[in-house]
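Here is how the chains run, residue by residue.
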Amino acid sequence: MLNLQPYADPQYFLLLMLGLLPVMIGLYHGHRFKTYETLISLLFIILMFTGAKWQQGIALIGYILWQLAIVFGYLHYRKHHNQTSVFVITVLLSILPLVIVKVTPAVVLHPSLLGFLGISYLTFKAVQVIMELRDGTMKAVGLMPFLRFMLFMPALSSGPIDRYRRFQKDYDNVPKREQYLNMLARAVWYLFLGFFYKYILGYGFGTVLLPRIERSAMVVRHMYWLGLSPSLVGVAFVYSMYLFFDFAGYSLFAVATSLVMGIDTPMNFNRPFQAHNIKDFWNRWHMTLSFWFRDFIFMRVTFFIMKHKLIKNPIRVSQVAYLINFLIMGFWHGVTWYYITYGLFHACAIIINDIWLRFKKKHRKQLPHNRWAEALAIATTFCVVCFSFLIFSGFLNTLWFK
């Protein structure tokens with residue numbers, strides 16, 4: 001049976017555009033064909049999980065039923081009660097399938113049967129809804145709107161991570177013709193840019209250069225302490241370029257397809273390698289993920305510490321919140337030493353950056369800001385980020401232990 005992996009080859013894009021043609025015609029004339037859009041989206045989701053991936057499809061169905069029970073059970077409870085313990089249990093139950101999927105390979109050395117493509121992004125969406133129900137910023141959630149939000153086909157496999165109310169507002173408000181034509185123009189640009197990123201630059205860095213420079217680093221590793229050779233530096237930079245262009249390309253495809261469907265899904269990247277410091281980097285890199293962690297982990301940890309007066313110094317509060325935030329992010333990527341180290345590395349980098357910015361603020365006269373200082377800041381941030389991606393890649397695990 002035909003199996004279509006999202007944005008994997010020209011055949012997928014051709015079939016996708018043919019399938020979405022009636023959606024485009026409807027939106028051009030100011031109508032959203034909801035039934036057709038739902039059916040064509042469901043068809044493409046089914047085709048993602050056919051053939052050898054049928055078990056993932058079953059896991060997806062079970063996962064959605066689980067989240068429906070959790071979210072709507074909490075919605076019913078929240079109308080009359082608001083105990084913190086129930087909220088915490090609800091969040092834990094919502095993330096339980098993801099935790100099992102992440103922990104299983106580390107325990108039994110094979111992937112979990114509960115895993116499927118996109119489980120992380122769906123979990124972020126479900127937890128966001130639960131947390132906003134808890135806060136009272138959302139009073140109600142409809143069954144079909146929730147399913148559309150969770151199973152929005154363009155972003156199911158690779159993000160970006162949208163927010164329920166923003167998504168629903170776009171879905172309910174059909175764009176005017178001029179606005180939709182502008183969305184289509186952006187979609188075309190993003191598609192071409194995505195092809196350039198993923199299939200030219202991503203291919204060049206990831207398929208052509210990276211294997212060669214990794215082999216070089218492995219060959220000479222015994223000649224250097226801990227294998228820290230010039231080739232390893234090359235691995236760090238080449239892998240960083242590959243990671244960005246491959247992931248940014250996927251994200252652009254998702255945003256472009258969303259625009260074709262009349263949904264202005266938020267962008268995921270904003271020139272991250274032009275960041276002036278590590279905090280600025282996280283405001284530019286995988287933005288929907290970093291903003292999600294900021295809003296639903298960092299801010300809540302900060303509020304909890306301050307509310308219970310666990311730490312009096314506000315600077316220390318933010319530092320602890322950063323450590324918890326990025327440690328969780330590291331575990332989210334996977335239960336391996338290099339993912340966890342990657343998270344702790346970024347936490348320490350942001351803490352050091354905050355200390356530096358406070359020092360710089362007190363010594364403005366001695367440390368003036370000019371274009372040379374700005375260039376140095378960008379270059380330093382770029383090198384720090386590339387080193388962190390070397391940790392993230394897992395290549396050091398191969399270099400040192402295999």
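Residues numbered from 1 in each chain as written. Predicted model: local features only at pLDDT ≥ 70, side-chain atom pairs only at ≥ 80, totals over all residues. Heavy atoms only, no water.

Under an unreviewed UniProt entry, the protein chain has the name Teichoic acid D-alanyltransferase and belongs to Lacticaseibacillus camelliae DSM 22697 = JCM 13995. If you open the UniProt record of the protein chain and go to Function (unreviewed entry), you find "O-acyltransferase that catalyzes D-alanylation of both teichoic acid and lipoteichoic acid (LTA). D-alanylation of LTA plays an important role in modulating the properties of the cell wall in Gram-positive bacteria, influencing the net charge of the cell wall. Catalyzes D-alanylation from DltC carrier protein." We quote the UniProt Subcellular location (unreviewed entry) comment for the protein chain here in full: "Cell membrane". (UniProt positions renumbered as here; feature names shortened; annotations may be inferred.)

Colleague: Now, about the overall build of the protein chain: what can you tell me, with residues and values included?
Modeller: The helix and strand inventory of the protein chain stands at 15 helices and zero strands. Its C-alpha atoms give the protein chain a radius of gyration of 23 Å, within 12% of the compact-globule value 21 Å for 402 residues. Expressed as lengths along the three principal axes of its C-alpha atoms, the size of the protein chain is roughly 60 × 55 × 50 Å. For the protein chain, the residues scored as buried account for 49% of the 402 residues in total. Considering only residue pairs separated by 6 or more positions, the protein chain has 73% of its internal contacts joining residues 24 or more positions apart. Approximately 20500 Å² of the protein chain is accessible, and the part contributed by carbon and sulfur atoms is 69%. Measuring between centres, the 38 positive side-chain charges of the protein chain sit 8 Å from its 15 negative side-chain charges. (Helix = DSSP H or I, 4+ residues; strand = E, 2+ residues; numbered from the N terminus. Rg over C-alpha atoms; globule rule 2.2 N^0.38 Å. Buried < 20%, exposed > 50% of the residue type's maximum accessible area, 1.4 Å probe, protein only. Contact = heavy atoms within 4.5 Å. Areas by Shrake-Rupley, 256 points an atom, 1.4 Å probe, with all protein chains shown as cover. Lys, Arg positive; Asp, Glu negative; His and termini not counted. Charge placed at Lys NZ, Arg CZ, Asp CG, Glu CD.)

Colleague: Can you break down helix α9 (residues 230-260) residue by residue, with the values?
Modeller: Relative to the 45 Å expected for 31 residues at 1.5 Å per residue, α9 spans 45 Å between its end C-alpha atoms, a close match to the ideal helical length. Among the 31 residues in α9, 26 count as buried, and that is most of the element. Directly after α9, the chain includes G262, whose backbone phi takes a positive value near 80 degrees. (Expected span 1.5 Å × (residues − 1).)

Colleague: How would you summarise helix α2 (residues 34-48) if you had to cite specific residues and measurements?
Modeller: Counting along an α-helix, one turn takes 3.6 residues, and residues three or four places apart therefore face a common direction. Helix length check: α2, at 15 residues, gives a terminal C-alpha distance of 21 Å against a target of 21 Å (1.5 Å per residue), a fit within 8%. Three or more residues of α2 are buried, namely E37, I40, S41, F44, I45, L47 and M48. Here the buried residues of α2 occupy an arc of 165 degrees about the axis, which is enough to place them on one side. Turned more than 90 degrees off the buried face of α2, the exposed positions are T35 and L39. Here the buried face of α2 lies against α1 (10-28), α3 (54-78) and α7 (164-172). (Arc of directions from axis to C-beta.)

Colleague: Before we move on, could you go through unusual backbone geometry and cite the residues and values that matter?
Modeller: Following G159, the chain continues to P160 via a peptide bond in cis, the omega torsion being 0 degrees. Structurally, the position occupied by P160 is in the loop between α6 (143-150) and α7. Positive phi, close to 65 degrees, is recorded for L109, a residue that is not glycine. Looking at the element boundaries, L109 is found in the loop between α4 (84-108) and α5 (119-135). Even without a glycine there, the phi angle at K309 is positive, about 55 degrees. Within the secondary structure layout, K309 lies in the loop between α11 (287-307) and α12 (314-333).

Colleague: Break down the nonpolar core for me, citing the residues and quoting the values.
Modeller: In terms of nonpolar packing, the biggest core is built from 119 residues, with V129, W282, W285 and F389 touching the most fellow members. Of all the elements, α9 adds the most residues to this core, at 18 residues. Residues lining this core come from more than one domain, with at least three contributed by each of domain 1 (33-173) and domain 2 (270-401). If we skip the residues at most four places from it in the chain, W285 touches L243, F244, N268, F269, P272, F273, S290 and F389. (Core = buried A, V, L, I, M, F, W, Y, C linked by side-chain atoms within 4.5 Å. Domains from an automatic or database assignment.)

Colleague: So, the state of the cysteines: which residues are in play, and what are the values?
Modeller: Here, disulfide denotes a covalent bond that connects the sulfur atoms of two cysteines. In total, this model carries zero disulfides according to the counting rule given. Here C348 is not cross-linked by a disulfide; its sulfur's nearest cysteine counterpart is in C383, at 19 Å. Left unpaired, C386 is separated from the closest cysteine sulfur, that of C383, by 6.6 Å. (Disulfide = S-S within 2.5 Å.)

Colleague: Kindly report on the domain arrangement of the protein chain, identifying the contributing residues and their values.
Modeller: By a frequent convention, interface size equals the accessible area lost on bringing the separate parts together. Partitioning the protein chain into domains gives domain 1 (33-173) and domain 2 (270-401). The C-alpha-based centres of domain 1 and domain 2 are spaced at 28 Å. The interface is formed by 16 residues belonging to domain 1 together with 13 residues belonging to domain 2. Summed over both partners, the interface of domain 1 with domain 2 comes to about 1300 Å²; 64% of that surface belongs to carbon and sulfur atoms. Applying the counting rule to domain 1 against domain 2 returns two salt bridges. D295 is the partner of R163 in a salt bridge, and the nearest nitrogen-oxygen pair spans 3.0 Å. Between domain 1 and domain 2 we count seven residue pairs in polar contact (both at pLDDT 80 or more) in total. (Buried area = accessible area lost by both parts, 1.4 Å probe. Salt bridge = Lys/Arg side-chain N within 4 Å of Asp/Glu carboxyl O. Polar contact = N/O pair within 3.5 Å; in protein donor to acceptor, adjacent residues only side chain to side chain.)

Colleague: Which residues make up the packing of helix α13 (residues 337-362) against helix α14 (residues 371-393), and what values go with them?
Modeller: At a minimum axis distance of 8 Å, the contact between α13 and α14 shows a crossing angle of 160 degrees. Here α14 runs roughly antiparallel to α13, going by the angle between their axes. Contacts between α13 and α14 pair Y338, Y339, T341, Y342, F345 and H346 from the former with V384, F387, S388, F389, I391 and F392 from the latter. Grouping the amino acids of the contact of α13 with α14 by side-chain chemistry returns nine nonpolar, three polar and no charged. (Axes fitted to C-alpha atoms, helices over the stretch in contact; angles between N-to-C directions. Parallel < 35°, antiparallel > 145°, perpendicular 65-115°, else oblique. Nonpolar A, V, L, I, M, F, W, Y, C, P; charged D, E, K, R; others polar.)

Colleague: Explain a nonpolar patch on the surface residue by residue, including any values.
Modeller: A contiguous nonpolar surface patch, about 480 Å² in accessible area, is contributed by W66, I89, L93, L96, I100 and L114. Summarising the element assignment, L114 is placed in the loop between α4 and α5. Relative accessible area serves as the criterion here: at 41%, L114 is assigned to the partly exposed category. (Patch = residues over 30% accessible without salt bridge, like charges linked within 9 Å, V, L, I, M, F, W, Y side chains within 5 Å.)

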